[in-house]
Each structure stands twice: as C-alpha cells, then as structure tokens.
Amino acid sequence: MASNPHQIAPAGTLVIEVLCEFRNDLRIYDAVPACFDVIKVGERDACPLLHAGEVAIYDPSDCIFAEGLIDGAIYVMEHQRPVAGMSWETFHRTGSQRVAVDRRLVRAQRSSNDRDLWFAQPLRRRFAGAFQGIDPAQPENLLQSKFVGRVVGLFRPNMEA
C-alpha cells in the first residue's frame, strides 16, 4: 500500500471528476480512513462539487503544509471567537460566556496581483462574476495557520447489505 494516500486511490474508491476551478483529487470513500477527519457540508458551503448534507473527508496532517498551499484546493478553515491567543482574564472581562469555533469549507486561491498573497474563497458565490474572499489577501503562512486540513474526498457508505 502506498505511503501517501493522495497519490493512489485505495482499492474500492472512485475518483470524482473535478471542475477545473477546483484543483483537488477528491475520492469517494465507503469508510473514513483512521488518519482522516470529517466535516458536514453546510448550506453555505454547497457548490456544484459538494452538496449540503454530504460529509467531506479531510486530512488533518495536511495542515503541516510541507509543500505549501495548493492553488484551487478545498480546505477546512477554522475561526474561533474569542481568538485563541486571548488570555482568560481578557476573555472574562469582555463578558464572553463560551468559546465559539466555526469550521467551513473554502478554496485557496493565489492572488493574481501579488503572487506572495493568498485568498480563502467561499465555495458558493453570492454574486455571479464578483470576487469574494472570506478574509483580505494574506501571506501563505498566515492563511495556512487558519486551515485544519485539506479535503481529500466524500464519505458515501456502501448501502448494499
């Protein structure tokens, strides 16, 4: 068996034909591999490739990014409120009652104006033809710090009994 699960599809998996806008080799898995994690595709993350209610599989070890971000790949982005670096004293002083963690699916896109900057794009655009980013353009390492893994496929259990 290959050491890198992204290069060769395991036996019994199907490869999704991906739109050229997305640069991912997504696979259909009938079981979640032990080293991967899952996220439910929400309404805001639905797009022609992923539908609301489906379960996307992502590789949390892909947040190390030894080779850097992949332009056009789908990632799981995490936002936390209050921010992780806030002290408990500040947390209580602001009146915060709980820590809210939000994860969503985004597409990484390199800036065409400055090749050192990246955007996190929503998978579903609200306005046709308009550029929409989750955050302003950022250096690669800053955007990487918000990602918890790269989406590698969809979980679709075998329904045959």
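Residues numbered from 1 in each chain as written. Predicted model: local features only at pLDDT ≥ 70, side-chain atom pairs only at ≥ 80, totals over all residues. Heavy atoms only, no water.

**Q** Please explain the overall build of the protein chain as it appears in this structure.
**A** For the protein chain, the helix and strand inventory stands at two helices and nine strands. Going residue by residue from the N terminus, the α and β elements of the protein chain occur as β-β-β-β-β-α-β-β-β-α-β. For the protein chain, the proportion of contacts with a sequence separation of at least 24, taken over those separated by at least 6, is 59%. Surface summary for the protein chain: the accessible area is close to 9800 Å², and the carbon and sulfur share equals 53%. (Helix = DSSP H or I, 4+ residues; strand = E, 2+ residues; numbered from the N terminus. Contact = heavy atoms within 4.5 Å. Areas by Shrake-Rupley, 256 points an atom, 1.4 Å probe, with all protein chains shown as cover.)

**Q** I keep staring at a nonpolar patch on the surface and nothing clicks. Help me out?
**A** Nonpolar side chains collect at one region of the surface, where W88, V99 and V101 lie side by side and expose about 320 Å² of accessible area between them. Position of V101 relative to the elements: it lies in strand β6 (residues 100-110). (Patch = residues over 30% accessible without salt bridge, like charges linked within 9 Å, V, L, I, M, F, W, Y side chains within 5 Å. Salt bridge = Lys/Arg side-chain N within 4 Å of Asp/Glu carboxyl O.)

**Q** In this structure, what is going on with the pairing of strand β9 (residues 147-155)? I would like to understand it.
**A** Every regular strand shows the same layout, with side chains that alternate between the two sheet faces. Burial analysis of β9 places eight of its nine residues in the buried class, which makes it a mostly covered element. Note: strand β2 (residues 27-29) against β9, three bridges, orientation parallel. The residue bridging I28 from the neighbouring strand is L154, located in β9. Examined bridge by bridge, strand β4 (residues 55-59) and β9 share five bridges and lie antiparallel to one another. Bridging from a neighbouring strand, A56 pairs with L154 of β9. Here strand β5 (residues 74-81) pairs with β9 via three bridges, running antiparallel. The residue bridging V76 from the neighbouring strand is G149, located in β9. (Buried < 20%, exposed > 50% of the residue type's maximum accessible area, 1.4 Å probe, protein only. Pairing = 2+ DSSP bridges.)

**Q** What is the right way to read the pattern of salt bridges from this model?
**A** Oppositely charged side chains may form a pair once their charged atoms are brought near each other. Inspection of every chain in the model, using the stated rule, returns four salt bridges. When the shortest N-O distance is used, the salt bridge between D102 and R44 registers 2.8 Å. Placement of the pair is D102 in strand β6 and R44 in the loop between β3 (37-40) and β4, with a sequence separation of 58 residues. Judged by its relative accessible area of 34%, R44 is partly exposed. A salt bridge links D45 to R104, with the shortest nitrogen-to-oxygen separation between them at 3.6 Å. One end of the pair, D45, is in the loop between β3 and β4; the other, R104, is in strand β6, with 59 residues separating them in the sequence. For R104, a relative accessible area of 14% puts it in the buried group.

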